[in-house]
Amino acid sequence: SIFNFSIFLFEIPTGIFADYFGSRRSTYMGMFSLCIGYAILVFADSFYIFCLANLLGGIGVSFISGAYESWVVNTKSALDRDINFFSKINVWKKYGTILGTILGGIIGYYIPRSPWAVSSILLLLTSIIVFASKYKESSRTPLEFLKYED
């Protein structure tokens, strides 16, 4: 419940962050926050540390929520248009979920905390890729978009 409550609590502030600092930066911050949350879960030995890890995970999901899609749409529209792009992405997400569940269960059976360690490492790599990405959105703030120009 801490995870879901933190998503509820931070959804609007992280959306404002994405509006002012960019959806790519928000996506990066979210992936990095999730990475830290999973890393903490690897070493969690008390209830309070477990709660902290879930709080960071919820904040990470809040940073990514909507910002990832916005960044992809802005980048994709600059490159080319594929009407089925998000459908294809969702299919691959489902495949990843199925594969991750099976592999996580097998790996977790033998080394109980390793699924969180693997997730943390993969999220760290993903956040580095997002941070280093050359595809950036417009640097204009939301208020600049509202200005009327003749």
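Look up a bit, the structure's there.
Bear in mind the structure is a predicted one, so any value in this text is a computation, not a measurement. (Residues numbered from 1 in each chain as written. Predicted model: local features only at pLDDT ≥ 70, side-chain atom pairs only at ≥ 80, totals over all residues. Heavy atoms only, no water.)

### Regarding the nonpolar core
The nonpolar side chains of a soluble globular protein tend to be buried, and buried together. Counting seven residues, the largest nonpolar core is built from Met31, Leu34, Cys35, Ile64, Trp71, Leu123 and Val130. Within the residue set of this core, elements represented by two or more residues are α2 (23-43) and α6 (114-132). With three residues, the top contributor of residues to this core is α2. Apart from residues lying up to four places away in sequence, Met31 is in contact with Ile64, Leu123, Thr126, Ser127 and Val130. (Core = buried A, V, L, I, M, F, W, Y, C linked by side-chain atoms within 4.5 Å. Buried < 20%, exposed > 50% of the residue type's maximum accessible area, 1.4 Å probe, protein only. Helix = DSSP H or I, 4+ residues; strand = E, 2+ residues; numbered from the N terminus. Contact = heavy atoms within 4.5 Å.)

### Looking at helix α1 (residues 2-21)
When the terminal C-alpha atoms of α1 are compared, their 27 Å separation across 20 residues agrees well with the 28 Å that a helix rising 1.5 Å per residue should span. Considering bend angle alone, the principal kink of α1 is centred on Phe10 and spans about 45°; proline Pro13 follows within four residues of it. Along α1, the residues that are buried comprise Ser6, Ile7, Thr14, Phe17 and Ala18. Gly22 sits one or two positions beyond α1 and adopts a positive phi of about 105°. (Expected span 1.5 Å × (residues − 1). Bend = angle between axes of the 7 residues up to and from the residue.)

### Here's the deal with the packing of α2 against helix α3 (residues 47-64)
Between α2 and α3, the shortest axis-to-axis distance is 7 Å and the interhelical angle comes to 160°. Here α2 is positioned roughly antiparallel relative to α3, judged by the angle of their axes. The interaxial crossing formed by α2 with α3 has left-handed handedness. Taking contact as the criterion, the partners of Ser26, Thr27, Met29, Gly30, Met31, Ser33, Leu34, Ile36, Gly37, Ile40 and Leu41 in α2 are, on α3, Ile49, Phe50, Leu52, Ala53, Leu56, Gly57, Ile59, Gly60, Val61, Phe63 and Ile64. Among the residues making up the contact of α2 with α3, the classes are represented as 15 nonpolar, seven polar and no charged. (Axes fitted to C-alpha atoms, helices over the stretch in contact; angles between N-to-C directions. Parallel < 35°, antiparallel > 145°, perpendicular 65-115°, else oblique. Left-handed = near helix turned anticlockwise from the far one by under 90°. Nonpolar A, V, L, I, M, F, W, Y, C, P; charged D, E, K, R; others polar.)

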